[in-house]
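Here are the chains, one letter per residue:
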Amino acid sequence: MTATATAGTRTQGGEPVEQLKDRARLLRKQIVEMTTAAGSGHPSSSFSCTEIVVALYFGGLLRYDPQNPHWADRDRFIMSKGHAVPAQYAAMAQAGFFPEEELVTLRKLGSPLEGHPNVRRLPGIEASTGSLGQGLSIGLGMALAARLDHADWRVWVLLGDGEIDEGQVWEAALAAPKYGTGNLVAIVDANTAQQTGYTKDILPTEPKAAKWEAFGWDVQEVDGHSYDALLPALRKAAEPGHSRPQAIIARTLKGKGVSFVEKEYGYHGKPLSQDEMKRALEELGWS
């Protein structure tokens, strides 16, 4: 399934919800297959943000051109939780940035599909991330650059639940409202878990929505696996004329879509075995 993207308006069009659901199912299949083939990676973190990534790339939100990935007027998407980049790679392949057959080269020597996104290796990647906490600062800089250029492109930053433990996130969160970056959208993939445990036990960050609002952001809190909730929130955030940065707290589930991975933080950096992959694909509806 490959999309033909056009350089059009970001909030009009987009694929029907049923087609987005099909893409999400395919995305999870590709995530499982590429991480198992690599023998390493972060499938559960990729699963939790699947609907978010699909909505951005195929829901009429993210403005891009796979045939011209350096197009000056494109929107910028930063996968700040860089370990979840298999979700982005799968979406990019489906969108036509590179052949889907190359997904299984993830983490292979010489492949541009590195374990964390590398802006120097793959056109369509906007920032090298994976050292957690840096993506929002990078996105803020890009949003300010757009203003200096009198450009109307938008910056989307996807943050991890455990990632927002990092102090640099909150420095950027304080600075963005000061500079009135209404063209900046932070999406928190609030999946309840991180590498070594549940976020509530390691460093509680609730109430998330109230915190971001107190810092001066316009905030929406939605079910991050429901397109009926997610798409309107993203479209509202993408409306022109915002005077404040936009934050979306997406309530998600780590490992979403595969029952024996859901909520199990032990799968954070653990690919599925061949037997587990077979079980997962069956649960996802792939024979």
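Residues numbered from 1 in each chain as written. Predicted model: local features only at pLDDT ≥ 70, side-chain atom pairs only at ≥ 80, totals over all residues. Heavy atoms only, no water.

Engineer: Any details on the pattern of salt bridges? Residues and values, ideally.
Structural biologist: On inspection of all chains with the given rule, the structure shows 14 salt bridges. In this structure, Asp161 engages Lys208 in a salt bridge whose closest nitrogen and oxygen atoms are separated by 3.0 Å. Residue Asp161 is located in the loop between strand E2 (155-160) and helix H6 (167-178), and its partner Lys208 is located in helix H8 (residues 208-214); the two are separated by 47 residues in the primary sequence. Accessibility assignment for this pair places Asp161 and Lys208 in one class, buried. For Arg244, the salt bridge goes to Asp218, with nearest N and O atoms at 2.8 Å. Linking Arg244 in the loop between helix H9 (227-237) and strand E7 (246-251) with Asp218 in strand E6 (residues 218-223), this pair joins segments that are 26 residues apart in sequence. On the accessibility criterion, Asp218 (26% relative accessible area) is partly exposed. (Salt bridge = Lys/Arg side-chain N within 4 Å of Asp/Glu carboxyl O. Helix = DSSP H or I, 4+ residues; strand = E, 2+ residues; numbered from the N terminus. Buried < 20%, exposed > 50% of the residue type's maximum accessible area, 1.4 Å probe, protein only.)

Engineer: Pulling in residues and values, what's your account of the nonpolar core?
Structural biologist: Of all hydrophobic cores here, the largest spans 59 residues; its most connected members are Leu56, Tyr57, Tyr89, Phe98, Trp156, Ile187 and Leu234. Among the nonpolar cores identified, the runner-up in size contains 26 residues, and Ala146, Leu184, Ala190 and Ala247 belong to it. (Core = buried A, V, L, I, M, F, W, Y, C linked by side-chain atoms within 4.5 Å.)

Engineer: Account for H6, with residues named and values stated.
Structural biologist: With 12 residues, H6 extends 17 Å from end C-alpha to end C-alpha; this agrees with the ideal 16 Å at 1.5 Å per step. What H6 keeps buried is the set Val169, Trp170, Ala172, Ala173 and Ala176. Each buried residue of H6 lies within a common arc of 160 degrees when the element is viewed along its axis, so the set occupies one face. Exposed residues lying more than 90 degrees from the buried face of H6 are Glu171, Leu174 and Lys178. Check the buried side of H6 and you find it contacts helix H5 (135-148), E2, strand E3 (184-190) and H8. (Expected span 1.5 Å × (residues − 1). Arc of directions from axis to C-beta. Contact = heavy atoms within 4.5 Å.)

Engineer: Break down the packing of helix H1 (residues 17-38) against helix H10 (residues 274-283) for me, citing the residues and quoting the values.
Structural biologist: Interhelical geometry of H1 versus H10 gives an angle of 175 degrees and a closest axis separation of 10 Å. By the criterion of interaxial angle, the relationship of H1 to H10 is roughly antiparallel. Listed contacts from H10 to Lys29, Val32, Glu33 and Thr36 of H1 are Gln274, Met277, Ala280 and Leu281. Partitioning the contact of H1 with H10 into residue classes produces four nonpolar, two polar and two charged. (Axes fitted to C-alpha atoms, helices over the stretch in contact; angles between N-to-C directions. Parallel < 35°, antiparallel > 145°, perpendicular 65-115°, else oblique. Nonpolar A, V, L, I, M, F, W, Y, C, P; charged D, E, K, R; others polar.)

Engineer: An account of H10 is requested, with residue identities and associated values reported.
Structural biologist: Helical geometry note: an α-helix holds 3.6 residues per turn, so side chains three or four residues apart project in the same direction. Along H10, the residues classified as buried are Glu276, Met277, Ala280 and Leu281. Burial along H10 is one-sided: seen end-on, the buried residues are contained in an arc of 135 degrees. Opposite the packed face of H10, turned more than 90 degrees from it, sit the exposed residues Asp275 and Lys278. Positioned one or two residues after H10, Gly285 has a phi angle of 90 degrees, which is positive.

Engineer: Which residues make up unusual backbone geometry, and what values go with them?
Structural biologist: Residue Pro207 follows Glu206 across a cis peptide bond; omega there is 0 degrees. Within the secondary structure layout, Pro207 lies in the loop between helix H7 (199-202) and H8. With phi around 55 degrees, His150 is a residue other than glycine that occupies positive phi space. Positioned with a positive phi, Thr192 is a non-glycine residue whose angle comes to about 80 degrees. Position of Thr192 among the secondary structure elements: in the loop between E3 and strand E4 (193-194).

Engineer: I'd like a rundown of the pairing of E6, residues and numbers included.
Structural biologist: Relative to E7, E6 runs parallel, the two being bridged by six bridges. Directly across from Val219, in E7, lies its bridge partner Ala247. In terms of handedness, the path from E6 via H9 over to E7 forms a crossover that is right-handed. (Pairing = 2+ DSSP bridges. Right-handed = clockwise from strand over helix to strand, strands pointing away.)

Engineer: Report on the sheet that holds strand E1 (residues 76-79), specifying residues and quantitative values.
Structural biologist: Within the open sheet, the five strands sit side by side as E1-E2-E3-E7-E6. Their pairing is parallel. The sheet terminates laterally at E1 and E6, the two strands that pair on one side only. On average, adjacent strands in this sheet sit at an angle of 15 degrees to one another, irrespective of strand direction. In this sheet, E3 lies alongside E2 in parallel orientation, the contact comprising six bridges. Paired with Leu158 across the two strands is Ile187, which belongs to E3. Across the sheet, H9 lies against E2, E3, E6 and E7, angled at about 165 degrees from E6, the strand it touches most.

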